[in-house]
Amino acid sequence: MLRNCADCGQIFAHPVNKLCPSCTKKQNEMFEKVKEFIRMHPNATIQEVVVETGVEFDKVREFIDEGRLKIVPIDVVFRCQICGAKLSSGRICSQCQADLLLKGERLEEPAEDNNSKRGKVHSLERRSRESRRHD
Ligand SMILES: [Zn+2]
Ligand SMILES: [Zn+2]
């Protein structure tokens, strides 16, 4: 499947990536830099991360929004993706989560997968990968 790199516009073949291999590599390096900086400076703000790592604000914000960064700058504000309410973590507020459940849409694992809670983190990661597959 051919597509244009979202960053440099170069044509490349990949089923899911939005970036060409060289931009993907650059992006991964940026991500590691940001991640490492925040790990070493847990009280850093986004601005400090941008200045110290040289990674653009938009990229840093993208890493945060994608949920790739497990530790985020202290001034990051998460917003509910549905109603826009401020959150301390996560992507959907408890109110909207409850609404979704009422509508019968499942954010959690299917009911038959109730054997172990330990596998949960794992299966959530798997789910997010699968949902990007048909991009
Ligand atoms: Zn590229
Ligand atoms: Zn909400």
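A short tour of the structure in this document, coming up. It should be emphasised that the depicted structure is a prediction, and the values quoted were computed from it without experimental measurement.

## Considering helix 1 (residues 21-40)
Inference 1: Taking 1.5 Å per residue as the helical rise, helix 1 with its 20 residues ought to reach 28 Å, and the 28 Å between its terminal C-alpha atoms agrees with that figure.
Inference 2: Packed against the buried residues of helix 1 are helix 2 (46-53) and helix 3 (57-65).

## Thoughts on the packing of helix 1 against helix 3
Inference 1: One can describe the packing of helix 1 onto helix 3 by two numbers: an axis separation of 11 Å at closest approach and a directional angle of 80 degrees. Considered as vectors, helix 1 and helix 3 are oriented roughly perpendicular to each other. Touching Q27, M30, F31 and V34 of helix 1 are K59, V60, E62 and F63, all from helix 3.
Inference 2: For the contact of helix 1 with helix 3, the residue count by class is five nonpolar, one polar and two charged.

## Some thoughts on the coordination of the zinc ion (ligand 1)
Inference 1: Every protein donor of the zinc ion (ligand 1) is accounted for by C5 (SG), C8 (SG), C20 (SG) and C23 (SG), and the metal-donor separations fall at 2.2 to 2.3 Å.
Inference 2: Each of the four donor atoms around the zinc ion (ligand 1) contributes to a set of angles spanning 106 to 115 degrees, which defines the coordination as tetrahedral.
Inference 3: Judged by relative accessible area, C5 falls into the buried class, the value being 5%.

## A few points about the coordination of the zinc ion (ligand 2)
Inference 1: Donor atoms from the polypeptide that bind the zinc ion (ligand 2) are C80 (SG), C83 (SG), C93 (SG) and C96 (SG), placed at 2.2 to 2.3 Å.
Inference 2: The site at the zinc ion (ligand 2) holds four donor atoms, and with the angles between them running 103 to 115 degrees, its shape is tetrahedral.
Inference 3: On the primary sequence, the residues serving as donors to the zinc ion (ligand 2) are separated as C-x2-C-x9-C-x2-C.

What counts, and where the lines are drawn
- Residues numbered from 1 in each chain as written.
- Chains lettered and ligands numbered in written order.
- Predicted model: local features only at pLDDT ≥ 70, side-chain atom pairs only at ≥ 80, totals over all residues.
- Heavy atoms only, no water.
- Helix = DSSP H or I, 4+ residues; strand = E, 2+ residues; numbered from the N terminus.
- Expected span 1.5 Å × (residues − 1).
- Contact = heavy atoms within 4.5 Å.
- Axes fitted to C-alpha atoms, helices over the stretch in contact; angles between N-to-C directions.
- Parallel < 35°, antiparallel > 145°, perpendicular 65-115°, else oblique.
- Nonpolar A, V, L, I, M, F, W, Y, C, P; charged D, E, K, R; others polar.
- Donors = N, O, S within 2.8 Å, 3.2 Å for Na, K, Ca; no water.
- Tetrahedral: all angles 85-135°; square planar, octahedral: opposite > 155°, others 65-115°.
- Buried < 20%, exposed > 50% of the residue type's maximum accessible area, 1.4 Å probe, protein only.

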